[in-house]
Amino acid sequence: MYTKSLIMAGLASFASAAPIVITIPISFSTLTSATCPKASALDNPQFFVADPNLAGEASYAQTPSAYTRAFVGLKASNVAPGYMQYQNIAIYNPATCAAICDSLAGCESFNIYFERAPFVDPSPDCPNPASNYNVLGARNVRCAFYSSILTNATAVNNGQFRQSFQVAITGSNGYVKQSIFQPGPGFQPAPGYGTNGHVPSDMAINAPLDCNGNNTFAGQEWWSDGQFSVARCAQSCSRHNDWVKSQGGSMCNTFSTFLQTQGNNVQQMCTFYTQTWDPSYAVNGGNNDGSLVVSNSYMFSVNNATAPSCRATKTVTEIIV
């Protein structure tokens, strides 16, 4: 079994390794039931996903510079909007995936994981061959790249069958560029939300009424393109205020942005408020049955905004579209 020191030493030794594309599986057109490579007793998907060595490598993997780890050690890969491509690499090293992502125009995140793959292509004469791990002692390590944010809510691909061979996933980690959480000039983290504006509960705000009974909700915009960017919500807030200055209405003095996931449908929500509400109001996590999930919630304020001083008297539920 790997220890933390051994894993970290191994990862460090390969930190600068160039990505190596591995072609797996190998195809043999003349395979028969007699020549089909047979799996050992431990070469099965249950043992693969429970392998503590693979779990240890994922757990102790270092987060690349300028990235945030979104999830760790899942037994499923992501099925998220904004998928770009994948590459197989020689060892489990998020830094290698990060270097590839940085070289791809529009890449904002990646998912690295171990995949149980067949040593040869399954066929009617060889429906359940040994895995490449069993025959070669190699691990099929994959980096999948996305132009959007990743969350554990979209990590739902736990493999599939190829003939009778079961593909399986383990050690699935997700990483997102830190730059997509920055609003740009003219905004700052809302009071009570630390240095990066992250909502501690990762939930949406239940917007209060002020002391005069007025709704503090000022407007909303959302996107279903699979992207996530705090900056575009900030830009939307600024456009809203330009409109209010000429046409009238409630100013966007604070905005909340978060991901709303329902199955494979992922939306970035952007909600405007006339004033800031502290993290105790961030209690809207989606539906009770878990079919709609809120995550990656952030709260920012307009610099030098003149917000109303009238505070809340009661809470109303924010509408999630």
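Residues numbered from 1 in each chain as written. Predicted model: local features only at pLDDT ≥ 70, side-chain atom pairs only at ≥ 80, totals over all residues. Heavy atoms only, no water.

**Thoughts on the side chain of arginine 232**
Here comes step 1: Within the secondary structure, arginine 232 is located in helix H6 (residues 230-247).
Here comes step 2: At 2.9 Å, the side chain of arginine 232 and the side chain of glutamine 268 are in polar contact.
Here comes step 3: Among residues more than four places away in sequence, those in contact with arginine 232 are Trp223, Asp225, Gln227 and Gln268. (Helix = DSSP H or I, 4+ residues; strand = E, 2+ residues; numbered from the N terminus. Polar contact = N/O pair within 3.5 Å; in protein donor to acceptor, adjacent residues only side chain to side chain. Contact = heavy atoms within 4.5 Å.)

**Here we look at the state of the cysteines**
Each disulfide consists of a covalent bond between the sulfur atoms of two cysteine residues.
Here comes step 1: Under the definition given, this model contains 5 disulfides.
Here comes step 2: Covalent S-S linkage joins cysteine 36 and cysteine 126, the inter-sulfur distance amounting to 1.9 Å. Judged by the sign of its S-S torsion, about 60°, the bond between cysteine 36 and cysteine 126 is right-handed. Note that cysteine 36 is positioned in the loop between helix H1 (4-13) and helix H2 (45-50) and cysteine 126 in the loop between strand S4 (109-116) and helix H5 (132-136), a separation of 90 residues in sequence. Like cysteine 126, cysteine 36 is buried.
Here comes step 3: Paired by a disulfide, cysteine 101 and cysteine 107 hold their sulfur atoms 2.1 Å apart. Judged by the sign of its S-S torsion, about -105°, the cystine formed by cysteine 101 and cysteine 107 is left-handed. Both residues of the pair, cysteine 101 and cysteine 107, count as buried. (Disulfide = S-S within 2.5 Å. Buried < 20%, exposed > 50% of the residue type's maximum accessible area, 1.4 Å probe, protein only.)

**Overview of the pairing of strand S17 (residues 293-302)**
Here comes step 1: Most of S17 is tucked away: 9 of the 10 residues are buried.
Here comes step 2: Pairing geometry for strand S10 (residues 187-189) and S17, over 3 bridges, is antiparallel. Bridging from a neighbouring strand, proline 189 pairs with phenylalanine 300 of S17.
Here comes step 3: One ladder, built from 7 bridges, connects strand S14 (residues 254-262) with S17; its direction is antiparallel. Each bridged residue has a counterpart across the sheet, and for serine 256 the counterpart in S17 is methionine 299. (Pairing = 2+ DSSP bridges.)

**Considerations on the sheet that holds S14**
The pairing of strands in a sheet comes from backbone hydrogen bonds and takes either a parallel or an antiparallel form.
Here comes step 1: The sheet built from 5 strands is open, its strands ordered S10-S17-S14-S15-S13 with antiparallel pairing. The open sheet terminates on both sides in strands that have one partner only, identified here as S10 and strand S13 (217-223). In this sheet, adjacent strand axes meet at a mean angle of 30° when their direction is disregarded.
Here comes step 2: One ladder, built from 9 bridges, connects S14 with strand S15 (residues 265-273); its direction is antiparallel. Residue phenylalanine 255 lies in a different strand from S15, and its bridge partner there is phenylalanine 272.
Here comes step 3: Its contacts with the sheet place H6 against S10, S13, S14, S15 and S17, and it is angled at close to 40° to S15. (Axes fitted to C-alpha atoms, helices over the stretch in contact; angles between N-to-C directions.)

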